[in-house]
Amino acid sequence: MNTVTTVRELRAAVAQARAEGKDIGLVPTMGNLHAGHAALVEKAAQRVDFVVASIFVNPLQFGPKEDLEGYPRTLAADKERLIEAGCQLLFAPSVEEMYPDGMAAQTIVHVSGVSEGLCGGSRPGHFDGVSTVVTKLFQMVQPDIAIFGQKDYQQLAVIRTLVRDLNMPIQIIGEPTVRADDGLALSSRNGYLDATQRAAVPAIYQCLHQMATAIKAGARDYPALIVEGKQQLEGAGFRMDYLEVRRADNLRPVTAEDRNLVILVALFVGTTRLIDNIAFELPEGA
Ligand SMILES: Nc1ncnc2c1ncn2[C@@H]1O[C@H](COP(=O)(O)OP(=O)(O)OP(=O)(O)O)[C@@H](O)[C@H]1O
Ligand SMILES: CC(C)(CO)[C@@H](O)C(=O)[O-]
Ligand code: BAL
């Protein structure tokens, strides 16, 4: 695996792969890689000849009181994981390389609709930062496919909308969330948890799973289910950001006719903000 840090080197390496007739896949990340990221790279390696991963902790998507400074940076270990997973090229640019004129001067890409509410409501500007950096990465690499995790469900929906609205010829692939044995969604931010918090957090997915089971069994009073779910999570010691049932395709509020649903949660464990979700289809007759 080669590592490049400049757009110029990135374009040259991708051009060479193209000249060799290879198709290209991109896996954008912020590093501190775990088995969830590895699954995305492995999927890309199954689908294309040349896998590019990026590691960039994008300041543009962090709020002023968020964890930009403390976000874990583990480049040496990340490279080992990428090699094992089948990555051919790592792009690990500096902030100056990505935003040479500074972030205030950067053209911003705003995806409307699906970026509003949920994480977009709690993290103002977050999805503008994501859409902008992902657009830049897409322009730099011009991949055939790009792979994202369903753990960041709203992000995936924003990127699908971005690609459709701006007619980008890139196939977006969403990969299932990789979980620890106790159900916790793998996330770089799990590393912020102490032992007591780590013991408590499997309750997040258990709650989502219970709610999904109840809905599949016929429960339709979503507001009541949400109140109950929040009480359960608050009782486990978490501070709620949101817990919502939405349409799985466009994240709009659910109507009685909708069959494809997603329950999304964001909460604080101490100062650590975690997200998770469960998407499911209502069985026939339910
Ligand atoms: N458990 C997981 N399973 C599958 N994909 C994942 C998982 N966690 C993250 N991803 C995906 O990896 C890509 C890079 O995400 P990122 O580097 O932010 O990792 P993260 O672990 O989600 O970190 P954070 O704690 O910052 O949310 C995104 O497409 C994200 O959805
Ligand atoms: C897609 C992404 C790499 C953009 O910075 C980031 O939001 C992430 O890691 O999910
Ligand atoms: N995984 C999404 C990146 C972020 O939380 O900023």
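- Per an unreviewed UniProt entry, the protein goes by Pantothenate synthetase and derives from Pseudomonas turukhanskensis.
- A UniProt comment under Catalytic activity (unreviewed entry) is attached to the protein, and it reads "(R)-pantoate + beta-alanine + ATP = (R)-pantothenate + AMP + diphosphate + H(+)".
- Check the Subcellular location (unreviewed entry) section of the UniProt entry for the protein; it says "Cytoplasm".

## Thoughts on the pairing of strand E8 (residues 260-269)
Then, in step 1: Burial analysis of E8 places nine of its 10 residues in the buried class, the great majority of the element.
Then, in step 2: Judged from the eight bridges that link them, strand E7 (residues 239-247) and E8 form a sheet pairing that is antiparallel. Across the sheet, arginine 239 pairs through a bridge with phenylalanine 268, a residue of E8.

## Some words on the domain arrangement of the protein
Then, in step 1: Per the domain assignment, the segments of the protein are domain 1 (2-175) and domain 2 (188-281).
Then, in step 2: Centre-to-centre separation of domain 1 and domain 2, based on C-alpha positions: 26 Å.
Then, in step 3: With 20 residues of domain 1 at the contact, the number on the domain 2 side is 16 residues.
Then, in step 4: Counting every contact that joins domain 1 to domain 2 gives one salt bridge.
Then, in step 5: In this structure, the salt-bridge partner of arginine 189 is aspartate 67, at a minimum N-O distance of 2.9 Å.
Then, in step 6: Joining domain 1 to domain 2, the criterion identifies eight residue pairs in polar contact (both at pLDDT 80 or more).
Then, in step 7: Counting residues per element, the ones that place at least two in the side of domain 1 that touches domain 2 are helix H5 (118-122) and helix H7 (153-165).

## A short note on the side chain of arginine 273
Then, in step 1: By the element assignment, arginine 273 lies in strand E9 (residues 272-281).
Then, in step 2: On the basis of relative accessible area, arginine 273 is assigned to the buried category, the value being 16%.
Then, in step 3: Of the polar contacts made by the side chain of arginine 273, one reaches the side chain of aspartate 241; its length is 3.1 Å.
Then, in step 4: Not counting the four nearest positions on each side in its chain, arginine 273 is found in contact with Cys119, Ser122, Arg123, Arg189, Asp241, Tyr242, Ala266, Leu267 and Phe268.

## Thoughts on the UniProt feature "active site" (unreviewed entry) in the protein
Then, in step 1: Mapped onto the present numbering, the UniProt feature "active site" (unreviewed entry) falls at His37.
Then, in step 2: Taking the relative accessible area as the measure of exposure, histidine 37 reaches 14% and is therefore buried.
Then, in step 3: Leave out the neighbours within four places in its chain, and histidine 37 touches Thr29, Gly31, Asn32 and Ser188.

What counts as what
- Residues numbered from 1 in each chain as written.
- Chains lettered and ligands numbered in written order.
- Predicted model: local features only at pLDDT ≥ 70, side-chain atom pairs only at ≥ 80, totals over all residues.
- Heavy atoms only, no water.
- UniProt positions renumbered as here; feature names shortened; annotations may be inferred.
- Buried < 20%, exposed > 50% of the residue type's maximum accessible area, 1.4 Å probe, protein only.
- Helix = DSSP H or I, 4+ residues; strand = E, 2+ residues; numbered from the N terminus.
- Pairing = 2+ DSSP bridges.
- Domains from an automatic or database assignment.
- Contact = heavy atoms within 4.5 Å.
- Salt bridge = Lys/Arg side-chain N within 4 Å of Asp/Glu carboxyl O.
- Polar contact = N/O pair within 3.5 Å; in protein donor to acceptor, adjacent residues only side chain to side chain.

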